[in-house]
Structure formats: C-alpha cells, structure tokens
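So the chains spell out like this:
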Amino acid sequence: MPPIAETRSFDTSIKMSDLAVAVLVGGLGTRLRPVVADRPKGLAEIRGRPFLAYLLDQLAAAGLRHAVLCTGYLGEKIYDTFGGSYRSLQLSYSREQEPVGTAGALRLALPYLQSDPVLVMNGDSYCAADLKSFFQWHCDRGAMASLLLTRVRQSERYGSVKLDSDGAVLEFREKKQGVVSDLINVGVYLLSQAVLASLPQQKKVSLEYDVFRQWIGRGLCGYQTDGAFLDIGTPEDFLRADQFFSSIKRKFVVLDRDGTIIEECSYLSDPEHIKLIPGATQALRELREMGFGLVVITNQSGVGRGFFDEGRLREIHERMRQMLEAEGVWLDGLYFCPHKPDDGCSCRKPGVSLMEKASTELSFDPQASIVIGDKGSDIEMGRRVRATTFLVRTGYGAQVATNSSVGADYIVNDLRAAVQTIRRLSAIERSEVHGD
Ligand SMILES: [Zn+2]
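Throughout this document, residue positions are counted from 1 along each chain, in the order its sequence is written. At least 70 in pLDDT is required for a residue's local features to be given in this predicted model, at least 80 for side-chain atom pairs to be given and counted, and no such filter applies to totals for whole chains, interfaces and linings, which use all residues.

Observations regarding the overall build of the protein chain
Summing up its helical and strand segments, the protein chain has 14 helices and 20 strands in all. The C-alpha radius of gyration of the protein chain comes to 24 Å, within 12% of the 22 Å expected for a compact globule of 436 residues. Overall size of the protein chain, expressed as C-alpha extent along the three principal axes, is 70 × 45 × 45 Å. Neighbour density around each residue's C-beta defines its exposure: 20 or more other C-beta atoms within 10 Å make it buried, 12 or fewer make it exposed, and counts between make it partly exposed, where C-beta atoms are placed from the backbone. The buried share among the 436 residues of the protein chain stands at 43%. Considering only contacts within the protein chain whose residues lie at least 6 apart along the sequence, 70% involve residues at least 24 apart. Helical segments are the DSSP runs of H or I of at least four residues, strand segments are the runs of E of at least two, and each set is numbered from the N terminus. The globule rule used here is 2.2 Å times the number of residues to the 0.38 power, and the radius of gyration it is set against is calculated over C-alpha atoms. A pair of residues counts as a contact when their C-beta atoms, built from backbone coordinates, are separated by no more than 7 Å.

In structure tokens form, the structure reads like this:
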C-alpha cells in the first residue's frame, strides 16, 4: 500500500465496481424485539423479503461486486439466509463475538477492505440516494471521509451535521446531543484507508462518537442528497417500511433477447454462437448507471418445437450473462417462454404473464417501465401493460418498422440510440419534478 498522506492525494483510477463495501449488521436490535424477536434486525421481513435484501439490491444496482457483512448477534441466521452471493454481489462475513461498536466491527473486517476508499453502510437504515453520485462527489472533493446526508423533518431523532458552503463538516452531533441542522447522517460513508488506519484500538468504539469528530477540519465532508430515508430501529418505523419501499420503486427496462441484445440467429442452440450486437453492452451499462433495473423477456419456442431442451437454453443464458458481466453489465432477471405459438400459453409475448411475474418478483411498476424489442410482439406486450415502447431496427426491426400499425412510441436504430432517447426523457422528467 502507498504511504498515507494527511492531505488527500487520490488514486482517481478507482471505479465504483472496485469498491469494497462493509455492511454493519451486528446491532442487537433491542428496540425492535417486540416485532422481530427471533432474528437480527437485518432479517426483519418487509414485503416478504429481509430488510438486508433491499440494501444489497441497492449495492448491486450501483454495480458493486463484493460486500462484507459484519455480523454479530444471531449472525449465523444472516449467513443461512444469504450464503456466499446475492445477485451480482459476492458476500463475505466478518463476525464479532461480542458487541464492539460500529468502528470495532469495521476494524474486525479490515482484512476484507482493501480498496481506497471503502463504502460503509449501517445495516438498519436505508437511504434512497444514488451511491454512484456520492462516490463521484467524494473522489472529486478529495475527501478523507464523506458522510451521506439527507433532510428529514424530525432531525432530533438522528445525528445531525452542519456543513460549510464547500461541504466540509463543521459540526457533528449524535442523536440526543441537540440539533445543528435539518441534515442528518444516514449511516452511509466513504472512508479512506487513512481513516480506517486511525480506528481506535480499544475494545468498543463507535464511528459516530469516537471517530468522525477526530476528522473534522481534516477532510471530513458531507454530501447532501434528497433521498428518502428509513431507519428500521424502532417498531413504529418498522411498520412504515412497507409503504416506504413501495414508494421508492426502481424503474426497469424490459429487453427482448434476439435481435435486440444479441444477433438474431434462427433458433440459436449453441452457447458458442452468441454474438452481442455492437454497442449493446455499452448501452446496457449506461442504463444501469442511470439507475434502471434490467430484465430480459424472451420467446424461445425452439424448446417447444424440440430443437433444444431447457437445459441447453439455460447454458445459453449462462453464457450470455457471462459475456455481459465481463463488460460490467448485470441483469436483474431473465424470463423465457418455452412454448410453441399454438400452445395457447399466456407467457409467450405479446402475452403479459412473464412481464407480470418479473414485475412482481423484482418489485417494479410495469406501467412505468420501458420495453425494447425488434418485433411487433415486444411492442404489443409493452402496449398491453402501458409501458413506454421502443422498436429497434436491429434483428427483425428494420422490416417491422415499415409496418405503420406497429404502434411503438419510438423507433430507433439500435439499443444505443434507444438509450440516448431514454437519457433525454429522464432529463425532461427530472426538470419537471424539480422545476429547473
Ligand atoms: Zn409460454
């Protein structure tokens, strides 16, 4: 490791995907006992899923690859639930044998935390902020440590923070120490290795009480967002969680496979024959960076026709995922219909049952989604759920585009062009919301 300077000289080459992440899930959850007695707070169920899954979704959506779960009380239950991976994230575990505080838990996990900076998240709260923008700001600012901040009405319940006009922290108050502003610390931090190296050695130490104050005036900064915030620490807040997560749903792009992401190839049956359409991975990566979830829905009647079996189809999809992941693109889901057109199933596009399944499992609103494909059946499926539809001219699209009855909202050359339009539409939507 290079020598650590007191003023920050940054390795600007670090990418978001290289960041090590520590999620602090070792809290005892004493106040939550009345509603979840038998498990650690992170496993409290919200809309049928453990709370921690929402945090991991946020990390996966930001393109991160590796997270360390710093567990404690009933930590084995967390391991039993998540195991070694979750979506695109590899998971490691660092377990405290007795309560050592937030900084103590982090100190135990240091062997796993080699990147500079490291992202640290409290495992009992959630802030719907864009982690990528936070990371970018931290790097541009050259901060030693950055706190993610948002505004809430009752800031006395949380730690509040006062900043100068440049984002440097002037004052840091923990809860019950009095309020200095309506900006609160949401428990998400980017910490440089210098800060990690300074963690006090005594047994029980807290980031909030023992560490951050030491760095005021020495590169401790605060990044302001307007992300909605939820702390599940108390039964009242926990009861609010259901409504909270339904109100911050991610938007999704629903993609066709053949002729849209990979080259159209009649009844593709060999993983070695997959060819990505030029520019497709770049386009998908940009969608992820814009915060969209990605899901593929594909008609594969070659299975029903007996040209290949589902095992082979899964091999093809595994190979396609590998090719995309090698380019930094992760799919949130992939759904296929194996039936023949005359089987009368409801899952073959333009049938909407796979769309409904995906939106339920991945928790998105079909009407707010974007459907992209090269065939009339893609567009028709999108129209049936009132999504925004894009016909691409790749695959069969050039031919389909000559039919004036196709009814796509947009007809574009390829996935790349679709993303340019989506970017423009998102910018318009943002300016309508914020009035700028
Ligand atoms: Zn089907």
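Focus: the domain arrangement of the protein chain
For the protein chain, the assigned domains read domain 1 (16–247) and domain 2 (252–434). Domain delimitation in this document rests on an assignment produced automatically or drawn from a domain database. Just the C-alpha atoms count here: the centres of domain 1 and domain 2 sit 35 Å apart. The interface of domain 1 with domain 2 comprises 7 residues on the first partner and 6 residues on the second. Just so you know the grouping, Ala, Val, Leu, Ile, Met, Phe, Trp, Tyr, Cys and Pro go in nonpolar, Asp, Glu, Lys and Arg go in charged, and all remaining residues, Gly too, go in polar. Across the side of domain 1 that touches domain 2, the residue classes break down as 2 nonpolar, 3 polar and 2 charged.

Quick notes on the nonpolar core
When buried Ala, Val, Leu, Ile, Met, Phe, Trp, Tyr and Cys residues are joined through C-beta atoms within 7 Å, the set is termed a nonpolar core. Formed by 72 residues in total, the largest nonpolar core has its most connected members in Val21, Ala22, Val23 and Cys70. Leaving out residues up to four positions away in the same chain, cysteine 70 has contacts with Ala22, Val23, Leu24, Val25, Gly26, Ser94, Ala105, Leu106, Leu108 and Ala109.

Details of the sheet that holds strand E18 (residues 370–373)
Should DSSP find at least two bridges between two strands, the strands are regarded as paired. One open sheet accounts for 6 strands, arranged E17-E16-E15-E18-E19-E20; its pairing is parallel. With partners counted over all chains shown, the strands left at the sheet margins are strand E17 (333–337) and strand E20 (410–412), one partner each. Neighbour to neighbour, the strand axes of the sheet diverge by 20 degrees on average, direction disregarded. Of the pairings in the sheet, the one linking strand E16 (residues 293–299) to E17 comprises 5 bridges and is parallel in character. Considered in E17, the bridge of valine 295 is made with glycine 333. A fitted line through C-alpha atoms serves as each axis, taken over the contacting stretch for helices, and the angle formed by two N-to-C directions is quoted from 0 to 180°.

Quick word on the environment of valine 68
Positionally, valine 68 belongs in strand E4 (residues 66–71). The class of valine 68 is buried, set by 25 C-beta atoms lying within 10 Å. For valine 68 and valine 186, which are 118 residues apart along the polypeptide, the C-alpha to C-alpha distance reads 19 Å. Every residue in contact with valine 68, bar those within four places of it in the chain, is listed here: Ala20, Val21, Ala22, Ser92, Ser94, Ala109, Tyr112 and Leu113.

Description of the environment of leucine 89
Its place among the elements puts leucine 89 in strand E6 (residues 89–95). Taking the C-alpha atoms as reference points, leucine 89 and glycine 178, separated by 89 residues in sequence, lie 38 Å from one another. The contacts of leucine 89, once residues within four sequence positions are left out, are Leu56, Leu59, Ala60, Leu64, Arg65, His66 and Ala67.

Brief notes about unusual backbone geometry
Cis geometry is found at the peptide bond from aspartate 116 to proline 117, where omega equals 5 degrees. Mapped onto the elements, proline 117 comes out in the loop between helix H3 (101–109) and strand E7 (118–122). A cis geometry characterises the amide bond from lysine 349 onward to proline 350, with omega recorded as 15 degrees. As for its placement among the helices and strands, proline 350 is situated in the loop between E17 and helix H11 (353–361). Positive phi outside glycine occurs at tyrosine 267, with the angle close to 50 degrees.

Here we look at helix H4 (residues 131–141)
Along H4, the residues that are buried comprise Leu131, Phe134, Phe135 and His138. Seen along its axis, H4 keeps its buried residues to an arc of 100 degrees; they face one direction. Just downstream of H4, glycine 142 is the residue with a positive phi angle, here 65 degrees. Directions are taken from the helix axis to each C-beta atom, and the arc is the one they span.

Things to note about H3
Burial runs high along H3: 7 of the 9 residues are buried. Every buried residue of H3 is listed here: Gly101, Thr102, Ala103, Gly104, Ala105, Leu106 and Ala109. Turning to H3, the residues buried within the fold contact strand E1 (20–25), E4, E6, E7 and helix H6 (207–211).

Things to note about the pairing of strand E12 (residues 183–191)
With 9 of 9 residues buried, E12 is to be regarded as a mostly interior element. Here E7 pairs with E12 via 4 bridges, running antiparallel. For leucine 119, the partnering residue across the bridge sits in E12 and is leucine 190. Examined bridge by bridge, strand E9 (residues 145–151) and E12 share 6 bridges and lie antiparallel to one another. Residue pairing in the sheet places serine 146 in a bridge with leucine 190 of E12.

Some remarks on the pairing of E9
Counting buried positions along E9 yields 6 of 7 residues, so the element is predominantly enclosed. As paired strands, E9 and strand E13 (residues 220–224) are joined by 5 bridges and run parallel to one another. Residue serine 146 lies in a different strand from E13, and its bridge partner there is cysteine 221.

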